[in-house]
Protein chains: 2
Amino acid sequence: MGVADDFATTHRPTLDQAMQAARSRTHFSAYPETPSGKIYGEAAKAEAEAAFNSLLNRPFEPGARQIGAEVSPWGPTFGITYPALDVATLVARAEAAAPSWAAAAPESRAGVCLEILRRLNRDSFLMAQAVMHTTGQGWAMAFQAGGPHAQDRGLEAVAYAMEELSRIPGTARWVKQAGKEQLVLDKQFRAVPRGVGLVIGCATFPTWNGYPGIFASLATGNAVIVKPHPSAILPLALTVRTARAVLAEAGFDPHVVQLAPDTPEAPIATELATHDAIGIVDFTGGPTFGRWLREHVGGRKALHTEEAGINPVVLHSTADFAGLCRNLAFSLSLYSGQMCTAPQNIFVPKDGIETNEGRKSFDEVCAALAAAVDGLLADPARAAGVAGAIQNPATLERIAKARSLGRVVRDSAPIPGQDTARTATPLLLAIEADACEAWGEERFGPIAFLIRCPDAQAALDYAAGSARARGAITALVHATDEAFLARAEAAFARAGVALSENLTGGVFVNQSAAFSDYHVSGANPAGTSCLTDAAFVANRFHIAMARRPAAA
Amino acid sequence: MGVADDFATTHRPTLDQAMQAARSRTHFSAYPETPSGKIYGEAAKAEAEAAFNSLLNRPFEPGARQIGAEVSPWGPTFGITYPALDVATLVARAEAAAPSWAAAAPESRAGVCLEILRRLNRDSFLMAQAVMHTTGQGWAMAFQAGGPHAQDRGLEAVAYAMEELSRIPGTARWVKQAGKEQLVLDKQFRAVPRGVGLVIGCATFPTWNGYPGIFASLATGNAVIVKPHPSAILPLALTVRTARAVLAEAGFDPHVVQLAPDTPEAPIATELATHDAIGIVDFTGGPTFGRWLREHVGGRKALHTEEAGINPVVLHSTADFAGLCRNLAFSLSLYSGQMCTAPQNIFVPKDGIETNEGRKSFDEVCAALAAAVDGLLADPARAAGVAGAIQNPATLERIAKARSLGRVVRDSAPIPGQDTARTATPLLLAIEADACEAWGEERFGPIAFLIRCPDAQAALDYAAGSARARGAITALVHATDEAFLARAEAAFARAGVALSENLTGGVFVNQSAAFSDYHVSGANPAGTSCLTDAAFVANRFHIAMARRPAAA
C-alpha cells in the first residue's frame, strides 16, 4: 500500500490539526471558504462552468440502465443520467470490496479519505455549480456549504474516527497472580467494521449532510453505498467519482464507495436499509421516513438520522435592536429557510421587549423585523444570492396555505427578475401563542411565525417545550439579563438544542461550525444522533479480541 | 456537596488506576476476589450468614404492596417480600431526583459511585449468600462473580463514563477571521444525561450483568430504575439499598436509584421500557424479550442488550490433550453451563485431532472429555461447588428433551447428596454436523454437543457461521497450527466473538476479565452492544452547547 501510505504521510499534519481542534473545539478549517482565484486558481471558476456544462445532456457514466431527471430550481434541466444498479449487485460489490479496506491500517484509510477530500476541495468550483443547480442555493452558499464546509465536515468525521480507533491498544499482556500460579495471557485487539454503510442523501445539503456519514463509515473501515436524493444526484455522483479514483490509485477496489441512484417512482432506500449486509444507516431527510427507519432498522443497526427541526427564537431584551433585526432577518432569508438550522418560531412577549432604543411593542418588533427583511432583500441580485431558489415546488404550495394561519406581517413573493427560477422571500406571520397547531409543526421553507406570548418566561417555556416534544436543532435567545440567559441555557440543554445568544453581527444561528459546534443532539425528535461526537463513530465498528496463554 | 467531594477525593486513585487499565487492557482489579478473613475480616462470613438469615421471612423494607416469592435453587424458600410501586410513581420519583444528580460534577458522581462500590465490596459475603441462593451458583462463584468481579465491572463502567466525559471541554473561545472582521464567540459545553436509565436484571448473574448498566447510567448523570428478575431480587435489592444510603449521605435524593420489583404474573418491564421518561434501557436476558425491545425501543432510546449466545469450541490440534480436556470439562461444568460465556457446541473433525498423545479419533475425544467431566465432578462436594444448582426448573426439562437429540456420550444426573437442591451435571451428546436444527439453537444449561465435522476447516466454518447467524459471545479454538489460528482469529473477529486459544491451564473461556476483555460485541445476535467500550457509555448523554459573542 505504498500510495495509501504516501497519502497518510502527506495528510498527517492536517489530520493532527483536525483531531486537536475537535478536542479543543476551537476554530479550525482545512479548506479555504473564500472562492478566491489566488487560492483555487484564477481560471477555476471558468473551468468549472465549462466542466459543468460538459456534464449536461449525457450519461454521467456508461451503464445499462440509465436514470436521472434533475431540474435546477434556477431553471435549466440537466439531462444527465446515471447508471442504476439493483440492490443485490450493489451489495455484492460492496461485500467483495470490503475485506481489503477493512484490513488496511486506520492510518492508511485516513490518508485515502484526506486525499479524497483534497481533490474534492480542488474541485470546489465545479461542486458549487452542482450544488447550486440541484439545491437552489445561491452560488456563494453553494460554494461554501457545498464545498469547503462540507469537506471540513468530512475531515471532522475522519478525526473522530481516528480518535476512537487510536484508543484501542493493538496488544496487551495480561498478568494475574492466582494464588501461587501466575496466569499470563497475550491479547490482541482489532477494530472490525460493522458492515456496509448506507448513506441516504437529502435534496438541500447533499454534501454537507452526506459527508459525515460517508467519511465516518469509510474511516472506520466500512464500504459505503451512497443513495442520493433523486433531485440532487450530481453532487454525490461527483463525490463518489473522486472517491473511487483515489481508492483505485491506492490499490483498493473502487467499489468501496458506490453510487446508488434511484427515482421517486422506484425508490430503493427501504430495500437497501433492511438488507442484512447493511450495518450502518445515515439518513438526512423528513421525519416520515426517519420514523420508518427508527422502527425497522434502529433496533439492530447503527442508525444516525437528522430529521425535522422546528427551531425557536426567544426574545427577552437586547442591547442592539437594529443588530438583532438585521441578524435575524438574514437567518430567516438565507436559502429561504431551507436549512435544518433555520429559525421558524419567534417567541415574543405580548408587552414587547426592552431594547437600547427603548421598549418595543410586539407590533413594533414585527414591523422592524419585516423592514429588516425588506431591506436585506431590496436589491434583487443580492436577494437571489442570499435567498436562493426553492428546491421543491411543494414548498410554494406550503407558503400559499400558510398565509391563512396568522396575520401576514410580511408577505412572501418571487424575487424580481428571476423569471426562470422558483423563488420566494420570507413569509412572516403574527400569531397567538395558543395557536400551537399552526406553529407547532415544521413548515419547511421561508415561513416564520412571530408568536405573541404572555411574557418572556412563557416564551422560553413554549420554545423549550416544543423543542423537546417536536424537535429542534438550534435556538436563538436575545436577553440582556444573565439570569434569563442561564435559564435558557438550562432549558435548551435539557431539550438537546444548540443555543446561540445575542447574535447581532456576522455569526448566524443557522451556522454550525465544524470541529467546534456539536450539530444535532439525538436528545429530541430532530434526530437520533449528534453528528460530531464520539457516539457518532463509536458504533460503526466493534473491537475483536483474541487471547492465548503467553509462550513460556 | 462536601461529602460527595470527600468520596471523590478518597476514591480518585482507584478511579485513575481503573481508567488507565481500561486504556491499556492490562490486568487490574480493585476488589479482592479471595474470600479471605484477612481481607474482609475474620468474622465476615459468619456475620454475613447471620445477616442473610435475619432477612428471611419478613419484608425487606416497609411498603404498602409487598411482593416477592424467591426460592433458592439450593432448597430454602426466602419468604422475603419487597415493596412494589407502580410505574407512574417510580418515574415521578426518578424525575424529581434527577436534576440535582444531573447537575453534580462528574467527579462528584464518580465519587458517590465508588463509595457505593466500596460498601458493596465490604458486604461481599452477604452478597455471596444472596447470589448463591437466588442463582444457584456455588458459594465460591457467588462470592467472586456476584461480589468483587461484579464490583470491578461497576467500576469499569464508571471509568469508561469518566473517560468520555473528560473529553468535553467545558468552554472554548472560537476565533475566526472573516475578511477584515474577527468573529469571536465564547462557547460552553456540558454533558446532559439522556433520561432515566432502566436496568432489567437477569436471574443468573444479577449483579455481574446488572452493574455495568447501573453504574454507566449513574456516572453519566442519569437516575436509574432497577427492575430485577422476579427470581433474583435480593442481590439487586441489597445493591439499591446501599446505593440509596450513599446518595442520601452525599446530599442527593435517594430516589436517584430505585428498585422496581415485579412478578411473573404482572410484569412491568414493557411499561417501564416504553415510558417517555426512560431514555436508556439495559437488558440481560432471553432473545424473545430482547427482540421485543429492539423493535419497540431500539430506534429511539439507547438500548444495550445481552441475549442468547451459542458459544462454539473448535478443535484442530493440541500440544496438551489432557490439559485441553481438563480445561474444557471445567468450562462445561462451571455453574452447569448457565453462563452467557459457557460453550455449547464443540466442533471436532470426523478424523479426530493431532495431539501430544498421538492422533485422537472423534470417539476418543468424546470419551476423554466425558472422562474429564467425570473426574472433575467425582467428589460430590466439589461437584456441587463447581456446578452449583439449576436456577430454573425449565432447564431440567430441557435436559430431558435434549437426550434424544444425539448419542449420549455422558449423561446428566443430579449431584449425589444434594437432595434439597436442583442439580444436574453436564449432558454431552455426539451429533453429526448436518444436524444443525439440534445444535443450531441455544440449549441453555448443562447441555453440550460434540459435533462431527468433515475436517477442521469445516469445523471452523460451522462455528463462525453459527456465531454470525445465531449469536455467540465467546469461542475457544485449540490448534498448534499458526495458520489455522490466524484463520480462526479472522473468522471470529468478523463474527464478533471473543476468541480464546489453547486454554489448558487456569484461565477458562467462560471468564471475561474486567478492564481487559471486551465483553459482547454487538456484532452478532448475542447482543446489541459491547458492555466494555466507549459506545456503551457515549450515548447515555448528549453534549449541550451555548455560544455567544465574546464581550468586547
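Computed from a predicted structure; not experimentally measured. (Residues numbered from 1 in each chain as written. Chains lettered and ligands numbered in written order. Predicted model: local features only at pLDDT ≥ 70, side-chain atom pairs only at ≥ 80, totals over all residues.)

1. Some remarks on the relation of the copies chain B and chain A
After a rotation of 180 degrees and a shift along the axis of 0.0 Å, chain B superposes on chain A with an RMSD of 0.0 Å. Here the transformation between the copies is reduced to the relation of a two-fold axis. (Least-squares fit on C-alpha atoms with pLDDT ≥ 70 in both.)

2. Topic: the sheet that holds strand E3 (residues 171–178) of chain A
Read from one edge of the open sheet, ten strands run E3(A)-E4(A)-E17(A)-E16(B)-E15(B)-E10(B)-E11(B)-E14(B)-E13(B)-E12(B), paired in mixed fashion. In this open sheet, the two edge strands, each paired with only one partner strand, are E3 of chain A together with strand E12 (407–410) of chain B. Taken pair by pair, the neighbouring strands of this sheet meet at an average axis angle of 25 degrees, ignoring direction. Bridge count between strand E11 (residues 343–349) of chain B and strand E14 (residues 447–453) of chain B: five bridges; the pairing is parallel. Bridging across to E14(B), Pro349(B) finds its partner in Cys453(B). (Pairing = 2+ DSSP bridges. Helix = DSSP H or I, 4+ residues; strand = E, 2+ residues; numbered from the N terminus. Axes fitted to C-alpha atoms, helices over the stretch in contact; angles between N-to-C directions.)

3. Re the confidence of the model for chain A
Scored by pLDDT, chain A comes out at a mean of 97, with 100% of its residues at no less than 70. Interface scoring of the predicted complex returns ipTM 0.94; its pTM is 0.95. (pLDDT = per-residue confidence, 0-100.)

4. Some remarks on the sheet that holds strand E7 (residues 257–259) of chain A
Residue and element names in this part refer to chain A. Pairing is parallel across the open sheet formed by five strands, whose spatial order is E7-E6-E5-E8-E9. Each of the sheet's edge strands pairs with one partner strand only, and the pair in question is E7 and strand E9 (302–306). Going across the sheet, the axis of each strand differs from the next one's by a mean of 15 degrees, ignoring polarity. On top of the sheet, helix H4 (residues 87–103) reaches strand E5 (196–200), strand E6 (224–227) and E7; it is set at about 130 degrees to E5, its chief contact. With respect to the sheet, helix H12 (residues 287–296) is in contact with strand E8 (278–284) and E9, its orientation differing from that of E9 by roughly 165 degrees. (Contact = placed C-beta atoms within 7 Å.)

5. Observations concerning the domain arrangement of chain A
Residues and elements named next belong to chain A. As assigned here, chain A comprises domain 1 (50–307 + 529–546) and domain 2 (311–501). For domain 1 versus domain 2, the separation of C-alpha centres amounts to 33 Å. Every contact between the two is made by 15 residues of domain 1 and, on the other side, 15 residues of domain 2. Per element, the largest residue contribution to the side of domain 1 that touches domain 2 is three residues, and it comes from helix H7 (residues 139–146). (Domains from an automatic or database assignment.)

6. A word on unusual backbone geometry
Residues and elements named next belong to chain B. If you check the backbone angles, Ser336 has positive phi at about 45 degrees while not being a glycine. The topology assignment puts Ser336 in the loop between helix H13 (321–333) and E11. Unlike most non-glycine residues, Val520 shows phi in positive territory, near 70 degrees. Along the polypeptide, Val520 turns up in the loop between strand E16 (498–501) and helix H20 (534–538).

7. Some points on the packing of helix H8 (residues 148–165) of chain A against helix H9 (residues 211–219) of chain A
Residue and element names in this part refer to chain A. In the contact formed by H8 and H9, the axes pass within 8 Å of each other and the chain directions differ by 35 degrees. Of the two elements, H8 crosses H9, and the hand of that crossing is right-handed. Contacts from Ala150, Arg153, Gly154, Ala157, Val158, Tyr160, Ala161 and Met162 in H8 reach Tyr211, Pro212, Ile214, Phe215, Ala216 and Ala219 in H9. Counted by class, the contact of H8 with H9 contains twelve nonpolar, one polar and one charged residues. (Left-handed = near helix turned anticlockwise from the far one by under 90°. Nonpolar A, V, L, I, M, F, W, Y, C, P; charged D, E, K, R; others polar.)

8. With respect to helix H16 (residues 393–402) of chain B
Residues and elements named next belong to chain B. For H16, the set of buried residues is Thr395, Ile399 and Ala402. Seen along its axis, H16 keeps its buried residues to an arc of 70 degrees; they face one direction. Within H16, the exposed residues directed more than 90 degrees away from the buried face are Pro393, Ala394, Glu397, Ala400 and Lys401. The secondary structure elements touched by the buried residues of H16 are strand E13 (427–432) and E14. (Buried ≥ 20, exposed ≤ 12 C-beta atoms within 10 Å, placed from the backbone. Arc of directions from axis to C-beta.)

9. Brief notes about the environment of Val175(A)
Looking at the element boundaries, Val175(A) is found in strand E3. Owing to 12 C-beta atoms within 10 Å, Val175(A) belongs among the exposed residues under this scheme. Through-space distance from the C-alpha of Val175(A) to that of Ser72(A) is 65 Å; in sequence the pair is 103 residues apart. Discounting residues that sit within four places of it in the chain, Val175(A) has contacts with Gln182(A), Val184(A) and His27(B).

10. Digging into helix H18 (residues 456–470) of chain A
Residue and element names in this part refer to chain A. Here H18 spans 21 Å end to end across 15 residues, near enough to the 21 Å set by a 1.5 Å rise per residue. When we look at burial in H18, the residues that qualify are Ala456, Ala459, Leu460, Tyr462, Ala463, Ala464, Ser466 and Ala467. Of the surrounding secondary structure, the elements contacted by the buried residues of H18 are strand E10 (311–315), strand E11 (343–349), strand E14 (447–453), strand E15 (474–478) and helix H19 (482–495). Following H18 by one or two positions, Gly471 has its phi on the positive side, about 100 degrees. (Expected span 1.5 Å × (residues − 1).)

11. Points about the pairing of strand E17 (residues 541–549) of chain A
Of all nine residues in E17(A), seven are buried; the element is thus mostly enclosed. Bridge count between strand E4 (residues 181–193) of chain A and E17(A): nine bridges; the pairing is antiparallel. Paired with Phe189(A) across the two strands is Met545(A), which belongs to E17(A). Across two bridges, E17(A) lies against E16(B) in parallel orientation. Bridge pairing in E16(B) links Ala546(A) to Leu499(B).

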